[in-house]
There are 2 protein chains.
Amino acid sequence: MEPGYTIHKHHHHIGWDNANAPVLTIASGAAVEIETVDSSGGQLSPDSSVADIATLDFDMINPVTGPIFIDGARPGDVLQITLESFKPSGWGWTANIPGFGLLADQFEDPALHIWSYDTQSLAPALYGKYGRVPLKPFAGTVGLAPAEPGTHSIVPPRRVGGNMDIRDLAAGSVLYLPIEVDGALFSLGDTHAAQGDGEVCGTAIESPMDVALTFDLVKGADLAFPRFTTAGPVTRHLDEKGYEVTTGVGPDLMTGARDAVSGMIDLLTAQHGMAPVEAYMLCSVCGDLRISEIVDQPNWIVSFYFPRIVFE
Amino acid sequence: MEPGYTIHKHHHHIGWDNANAPVLTIASGAAVEIETVDSSGGQLSPDSSVADIATLDFDMINPVTGPIFIDGARPGDVLQITLESFKPSGWGWTANIPGFGLLADQFEDPALHIWSYDTQSLAPALYGKYGRVPLKPFAGTVGLAPAEPGTHSIVPPRRVGGNMDIRDLAAGSVLYLPIEVDGALFSLGDTHAAQGDGEVCGTAIESPMDVALTFDLVKGADLAFPRFTTAGPVTRHLDEKGYEVTTGVGPDLMTGARDAVSGMIDLLTAQHGMAPVEAYMLCSVCGDLRISEIVDQPNWIVSFYFPRIVFE
């Protein structure tokens with residue numbers, strides 16, 4: 001469907017607030033194209049260096065374009081969002097931002113990688129001399145305004161969505177979000193060119209792009225949490241050569257996740273000679289955290305799957 | 001490689017104990033075929049009914065065949081285990097066992113499904129009138145004796161492996177386990193015809209089968225936790241039609257996992273008319289728990305991926 005509306009990227013907001021004035025009102029069934037600013041809020045560019053990470057203004061982080069008022073939407077309804085297509089910009093960044101990320105206690109220094117990729121072919125993007133990362137553009141932040149008044153941080157996702165960073169919210173996926181306020185008040189941003197399950201270092205391939213969507217209102221379809229449907233397989237761009245997998249074993253899932261990622265960083269540094277922080281950022285953009293078992297009391301297994309195609 | 005040795009299934013033990021006498025001593029490089037008893041310890045059969053779940057003797061649960069003493073293995077070494085092939089039996093069972101499983105508080109009554117499948121074609125196995133589950137045989141319990149003396153429960157996995165229930169420990173995978181005792185003392189059992197990441201109801205398609213393996217000793221390759229390499233893609237038998245995905249959003253990964261699985265049970269019961277416990281068992285044998293993001297403080301997202309091919 002051709003988008004009936006375009007929302008330009010200067011129509012963005014920081015944080016969620018159901019008092020934000022809509023920039024567009026649409027009927028159910030409408031198609032919209034949304035431009036986004038990258039998650040640094042325009043503070044980083046293809047020319048940025050690691051020094052720019054240390055001076056990031058966090059009050060500008062993760063702008064989202066919107067909000068869109070969906071006519072007739074009421075609390076208790078569900079908004080069905082079809083992610084039709086992505087027009088990527090061809091550049092992106094991945095950073096280790098001190099204080100942020102699964103292993104923030106172990107990686108205290110800023111780091112930055114600037115990516116360049118072909119917007120037509122979307123061929124795997126070069127990661128220095130080490131390998132190539134397959135791409136799959138998606139929207140990291142897709143959400144609605146929460147019922148609770150006031151301004152809420154953009155960082156945590158909520159039951160109305162938001163900064164979910166689910167790497168399969170890509171072209172063809174259909175997302176269902178519970179509505180808490182009249183008009184739903186939809187916004188989107190934080191587009192990524194690639195990310196693994198977990199986004200373990202805290203950033204993906206952060207890359208501005210335009211996103212085409214359609215909206216449909218599902219009346220009275222009460223939903224506890226977001227759900228979605230993928231149009232087809234989700235890892236075919238990654239899985240052809242299989243995986244290296246590390247694990248964490250123990251009674252706490254968070255500790256298991258940290259152990260599994262630490263094990264993969266050790267493996268990648270030993271096998272490929274990269275610095276630990278380089279391995280950490282690479283894990284974030286293409287490795288997947290899975291819960292292999294969560295029932296063999298009292299020890300669970302969290303596994304980290306790294307796709308071997310990156311090096312082949 | 002043709003197996004040089006066969007260990008029959010009566011050579012099994014319950015629990016881990018480094019005082020168990022080896023049933024076989026091999027050199028690094030040897031190939032072995034291992035017969036297994038199903039995880040009920042032979043208490044269930046293709047003729048069992050749900051009444052048999054209530055009377056299960058837990059002292060017989062999860063026998064493992066072994067132990068095998070690997071000549072020259074010392075603490076600090078690593079045992080490399082290549083899972084060469086599986087000869088499945090053609091039958092299996094999945095149960096809800098009261099007190100066991102991710103949602104044990106919500107599913108208090110026993111339930112049982114008996115599976116039948118073709119051992120040659122390994123075609124997807126019929127789940128009543130609802131659909132067909134793609135199969136991938138693997139070993140749920142693969143481990144070594146721990147250093148700590150005494151008998152240890154077979155249920156929890158440890159850093160030396162054990163009841164890991166990692167569904168990608170299938171044909172072609174190469175597993176690396178840290179060795180804690182002289183001879184490593186390897187045992188294997190709990191073979192499964194299919195399971196999703198998480199094994200959420202606590203059982204998979206529990207199915208006795210013979211497993212062919214080769215063993216190689218890696219001297220001095222100290223390892224914190226198990227790791228493995230898969231020979232190729234791990235979900236191609238499942239992913240062709242995409243996924244239905246439910247999520248849990250919040251500050252605790254365990255709660256998120258429970259919410260995501262509960263959401264999928266609600267969806268499957270609404271869309272396919274199956275009883276909640278039937279949906280729960282189906283989720284266990286083919287749905288996957290993934291950690292979509294673990295960095296957007298303070299709320300993480302756990303997602304449950306259910307393959308749509310089951311119904312198509």
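Residues numbered from 1 in each chain as written. Chains lettered and ligands numbered in written order. Predicted model: local features only at pLDDT ≥ 70, side-chain atom pairs only at ≥ 80, totals over all residues. Heavy atoms only, no water.

J.: I'm lost on the overall build of chain A in this one. Help?
T.: Looking only at helices and strands, chain A has 3 helices and 19 strands in total. Taken against the 2.2 N^0.38 rule, which gives 20 Å for 312 residues, the C-alpha radius of gyration of chain A at 19 Å falls within 12% of a compact globule. Sorting the 312 residues of chain A into buried and exposed places 62% on the buried side. Long-range contacts, defined here as pairs at least 24 residues apart, represent 78% of the contacts in chain A between residues at least 6 apart. Of the roughly 10400 Å² of accessible surface on chain A, 50% is carried by carbon and sulfur atoms. Counting 16 positive and 39 negative side-chain charges, chain A places the averaged centre of each group 6 Å from the other. (Helix = DSSP H or I, 4+ residues; strand = E, 2+ residues; numbered from the N terminus. Rg over C-alpha atoms; globule rule 2.2 N^0.38 Å. Buried < 20%, exposed > 50% of the residue type's maximum accessible area, 1.4 Å probe, protein only. Contact = heavy atoms within 4.5 Å. Areas by Shrake-Rupley, 256 points an atom, 1.4 Å probe, with all protein chains shown as cover. Lys, Arg positive; Asp, Glu negative; His and termini not counted. Charge placed at Lys NZ, Arg CZ, Asp CG, Glu CD.)

J.: Please explain helix α2 (residues 253-272) of chain A as it appears in this structure.
T.: Structural remark: α-helix, 3.6 residues per turn; residues separated by three or four positions point the same way. With 20 residues, α2 of chain A extends 28 Å from end C-alpha to end C-alpha; this agrees with the ideal 28 Å at 1.5 Å per step. If you check which residues of α2 of chain A are buried, you get Leu253, Gly256, Ala257, Ala260, Val261, Ser262, Met264, Ile265, Leu267 and Leu268 of chain A. Where α2 of chain A is buried, its residues meet β17 (243-250), α3 (276-286), β18 (288-293) and β19 (300-307) of chain A together with β16 (227-229) and α2 (253-272) of chain B. Count one or two residues on from α2 of chain A and you reach Gly273 of chain A, which has phi positive near 70 degrees. (Expected span 1.5 Å × (residues − 1).)

J.: Please clarify how the relation of the copies chain B and chain A should be interpreted in this entry.
T.: Rotating chain B by 180 degrees and moving it 0.0 Å along the rotation axis overlays it on chain A with an RMSD of 0.0 Å. Taken together, the rotation and translation describe the operation of a two-fold axis. The rotation axis passes nearest to the C-alpha of Arg290 of chain B in chain B, at a distance of 2.2 Å. Most of the interface of chain B is mirrored in chain A, where 100% of its interface residues are also at the interface. (Least-squares fit on C-alpha atoms with pLDDT ≥ 70 in both.)

J.: Looking at this structure, how should I read the interface of chain B and chain A?
T.: Accessible area lost when the parts come together is the quantity often used to give the size of an interface. Counting from both sides, the interface comprises 68 residues of chain B and, opposite them, 68 residues of chain A. Roughly 5300 Å² of surface becomes buried between chain B and chain A when both sides are summed, with 56% attributable to carbon and sulfur atoms. Linking chain B with chain A are 6 salt bridges, by the criterion used here. A salt bridge links Asp239 of chain B to Arg236 of chain A; the nearest nitrogen and oxygen atoms lie 2.5 Å apart. (Buried area = accessible area lost by both parts, 1.4 Å probe. Salt bridge = Lys/Arg side-chain N within 4 Å of Asp/Glu carboxyl O.)

J.: Help me understand the pairing of strand β13 (residues 174-178) of chain B, please; the structure alone is not making it clear to me.
T.: Residue and element names in this part refer to chain B. Most of β13 sits out of view: 5 of its 5 residues are buried. Here β13 shows no split at all, with Val174, Tyr176 and Pro178 on one side and Leu175 and Leu177 on the other all buried. As paired strands, strand β6 (residues 78-88) and β13 are joined by 5 bridges and run antiparallel to one another. Along β13, the bridge assignment pairs Leu79 with Leu177. (Pairing = 2+ DSSP bridges.)

J.: Is there a simple way to explain the domain arrangement of chain A in this structure?
T.: All names here are of chain A. For chain A, the assigned domains are domain 1 (5-229) and domain 2 (238-311). For the pair domain 1 and domain 2, the summed buried area comes to about 2300 Å², and 67% of that belongs to carbon and sulfur atoms. Where domain 1 meets domain 2, there are 2 salt bridges. Two residues, Asp288 and Arg167, come together in a salt bridge whose shortest N-O distance is 2.9 Å. Scanning the region where domain 1 abuts domain 2 turns up 18 residue pairs in polar contact (both at pLDDT 80 or more). Contributing elements (two or more residues each) for the side of domain 1 that touches domain 2: β7 (91-96), β8 (111-116) and β10 (131-133). In terms of residue count, β8 provides more of the side of domain 1 that touches domain 2 than any other element does, 4 residues in total. Its residues placed into classes, the side of domain 1 that touches domain 2 shows 18 nonpolar, 11 polar and 5 charged. (Domains from an automatic or database assignment. Polar contact = N/O pair within 3.5 Å; in protein donor to acceptor, adjacent residues only side chain to side chain. Nonpolar A, V, L, I, M, F, W, Y, C, P; charged D, E, K, R; others polar.)

J.: Explanation requested: the pattern of salt bridges in the structure shown.
T.: Any two side chains of opposite charge can pair, on the condition that their charged atoms come close. Residues and elements named next belong to chain B. Counted under the stated rule, the structure contains 24 salt bridges over all chains. The residue Asp168 makes a salt bridge to Arg167 at a minimum N-O spacing of 3.0 Å. Judged by its relative accessible area of 2%, Arg167 falls in the buried class.

J.: Can you help me understand the environment of Phe138 of chain A in this one?
T.: All names here are of chain A. Checked against the element boundaries, Phe138 lands in strand β11 (residues 138-144). You can call Phe138 buried: its relative accessible area is 0%. Separated by 51 residues in sequence, Phe138 and Gly189 have C-alpha atoms that sit 9.7 Å apart. For Phe138, the residues in contact, after removing those within four places along its chain, are Phe86, Asp165, Ile166, Arg167, Leu169, Ala170, Asp190, Thr191, His192, Ala194 and Gln195.

J.: What am I meant to see in the state of the cysteines here?
T.: Here is the idea: a disulfide is a covalent bond, and it sits between the sulfur atoms of two cysteines. Scanning all chains against the criterion turns up 0 disulfides over all chains. The structure places no disulfide on Cys283 of chain B, whose sulfur is separated from the nearest cysteine sulfur, that of Cys286 of chain B, by 7.1 Å. (Disulfide = S-S within 2.5 Å.)

J.: Quick question: what am I supposed to make of the environment of Val142 of chain B here?
T.: All names here are of chain B. Relative to the elements of secondary structure, Val142 occurs in strand β11 (residues 138-144). Among the residues examined, Val142 registers a relative accessible area of 0% and is labelled buried. Sequence separation of Val142 and Ser262 is 120 residues, and the distance between their C-alpha atoms is 30 Å. If sequence neighbours within four positions are ignored, Val142 has contacts with Gly161, Gly162, Met164, Leu169, Leu175, Leu177, Phe186, Ser187 and Leu188.

J.: Which parts of the structure should I look at to understand the pairing of β11 of chain B?
T.: Working note: regular strand, side chains alternate between the two faces of the sheet. Residues and elements named next belong to chain B. Here β11 lies mainly inside the structure; 7 of its 7 residues are buried. Of the strand pairs in this sheet, β11 and strand β12 (residues 161-162) are connected by 2 bridges, and their pairing is antiparallel. Looking at the pairing, Val142 lines up with Gly162 of β12.

J.: Can you walk me through unusual backbone geometry in this structure?
T.: Excluding glycine, residues mostly carry a negative phi; peptide bonds, for their part, are mostly trans. Residue and element names in this part refer to chain A. Looking along the chain, the bond that leaves Gly66 and enters Pro67 is cis, with omega of 0 degrees. By the element assignment, Pro67 lies in strand β5 (residues 64-70). One non-glycine residue, Ala184, adopts positive backbone phi at about 70 degrees. Along the chain, the position of Ala184 falls in the loop between β13 (174-178) and β14 (186-192). Even without being glycine, Leu185 reaches a positive phi, approximately 60 degrees.

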